[in-house]
Amino acid sequence: RMAAAPPSYCFVAFPPCSKDGLVVFGKNSARPRDEVQEVVYFAAADHDPGSKVECTYIEIEQVPKTHAVVLSRPSWLWGAEMGANEHGVCVANEAVVTREPASESEALLGMDLVRLGLERGATAKEALDVIVALLEEHGQGGNYYEDGSSCHTFQSAFLIVDRSEAWILETSGKYWAAEKITEGVKCICNQLSLTTKIDAEHPELRNYVRSQGWWNGDSDFNFSEVFSLADEHLACSSGKESLEKQGGDVSAQAMIDVLRDKDSGVCVDSESFLTTASIVSVLPQDPSFPCVHYFTGTPDPSRSIFKPFIFVDDVKLVPKVQSPSFGNDDPAKKIPRFQEKPDRRHELYKAHEWARSLLETDQDKGQKLMSIMLDLEKQGLEAMEDILTRTEILDPAEVVDLFYDCVDTELKFFK
């Protein structure tokens, strides 16, 4: 039996559903409950010809120039669950199960492809082209979890967004199809969603599924129907409906509210899975305004706060949301892999664990702490709203410490 994919949810809202010419992107990353996610920034870089880059399991050719990226990622791997680059491109991935078993042999993970797309693509379409070219060349495969006892493998789906459009990319092995979105609200979760509206696809896709006997060529080509396991394709409607109810007013706050909603199933908190980190990004369609990316860096968005990050040169690094590094001694890098699990908790994660136990043991104190935290979050959201509505150009010095200061303040409250 194939293990069920963790039910992460990703959303994008375009005008007229979203506010004031903003594109709003969000994702809850549902992962194994005890996995730690960190928030990391990598500056833009130039690379020597012929240099290689070490991804989670395999090494591939590096490109001459990589863009600056900010990522939320399980701290044992190279790639990311979700993130953004300096050009206002956001990418999130979903683990999906298709009728084609995912490969256990080590190749690129869907999460590696998130980071590679961000590092190499200056638009959503460029990131998509990067991802599908790398799939063709290296394939996808390998363990999705830090688990030495069994190999959990999945195919990948991606939501790739920039200031003007979004692409939903769904893959099975090296085969893929994609749909372009420029308006309304779109949600993807851990199952295939593309049907007959396909705007780009692998050149051999239809020949391949014909040769497998999955499609006879007479009916409309429906990607989900062809690739899903028999009873799989349901629409993940719960979060989408809450966003559509906002009627033209989807803002960062509205997206955060949807990600916090446990009743709808969007905020996962089950026996095996937890929303271990969340992101919301606001991308103004007018390129003279900066994009703002909010990260929790901690599990369960209903008990976490979203902290803003804006790309500027020399942005201050935030070691307190970075997990310890074990270098080549990391059990994730040694073969056989994952023979032990090191303690990957970062400082914010540990402080958050303390706060969570407070919420469980002393409800009054816990509630008080939570309302202080939410107040802090609100100040951040209001300050960002100000930046996105004023006429003068943003002074980078104003936001170089932005994310650092927010994390720092959050830690002070926990102390």
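An unreviewed UniProt entry lists the chain under the name SCRN1 protein, with Tricholaema leucomelas given as the organism.

(A) The arrangement of unusual backbone geometry in detail. Here Pro15 and Pro16 are connected by a cis peptide whose omega angle stands at 5°. Among the secondary structure elements, Pro16 is positioned in the loop between strand S1 (9-13) and strand S2 (22-32). Note that the residue after Ile335, namely Pro336, is joined by a cis bond; omega there is -5°. Counting through the fold element by element, Pro336 comes out in the loop between strand S18 (307-309) and helix H7 (347-361). The phi torsion at Asp20 lies on the positive side, around 40°, for a residue other than glycine. If you trace the backbone, Asp20 turns up in the loop between S1 and S2. What makes Asp20 exposed here is its relative accessible area of 61%. The backbone phi angle of Asp300 is positive, close to 60°, even though this residue is not glycine.

(B) Structural context of the packing of H7 against helix H8 (residues 363-389). At a closest axis distance of 6 Å, the pairing of H7 and H8 adopts a crossing angle of 130°. Here H7 is positioned oblique relative to H8, judged by the angle of their axes. Viewed along their axes, H7 and H8 form a crossing whose handedness is left-handed. Between H7 and H8, the residues in contact are Trp354, Ala355, Leu358, Leu359 and Thr361 and Gln363, Lys365, Gly366, Gln367 and Leu369, respectively. Residues belonging to the contact of H7 with H8 are distributed by class as follows: five nonpolar, four polar and one charged.

Rules and cut-offs
For every chain, the first residue of the written sequence is number 1, and numbering continues from 1 onward in sequence order. Totals for whole chains, interfaces and linings use every residue, but because this is a predicted model, local features are given only for residues with pLDDT of at least 70 and side-chain atom pairs only at 80 or more, for both listing and counting. With hydrogens and water set aside, each side-chain value is computed from the structure's full complement of heavy atoms. Note on conventions: DSSP H or I runs of at least 4 residues are helices, E runs of at least 2 residues are strands, and numbering of each starts at the N terminus. In this scheme, a residue with accessible area under 20% of its type's maximum is buried, one over 50% is exposed, and one in between is partly exposed, where area comes from a 1.4 Å probe on protein chains only. With axes taken as lines fitted to C-alpha atoms, and helix axes fitted only over the stretch in contact, angles between N-to-C directions fall between 0 and 180 degrees. Convention used here: angles under 35 degrees read as roughly parallel, angles over 145 as roughly antiparallel, angles from 65 to 115 as roughly perpendicular, and any remaining angle as oblique. Two helices that cross are described as forming a left-handed crossing if the nearer one is turned anticlockwise from the farther one by less than a right angle, and a right-handed crossing if clockwise. Two residues qualify as a contact provided that any one of their heavy atoms is within 4.5 Å of a heavy atom in the partner residue. Only Asp, Glu, Lys and Arg are considered charged, only Ala, Val, Leu, Ile, Met, Phe, Trp, Tyr, Cys and Pro nonpolar, and every remaining residue, Gly among them, polar.

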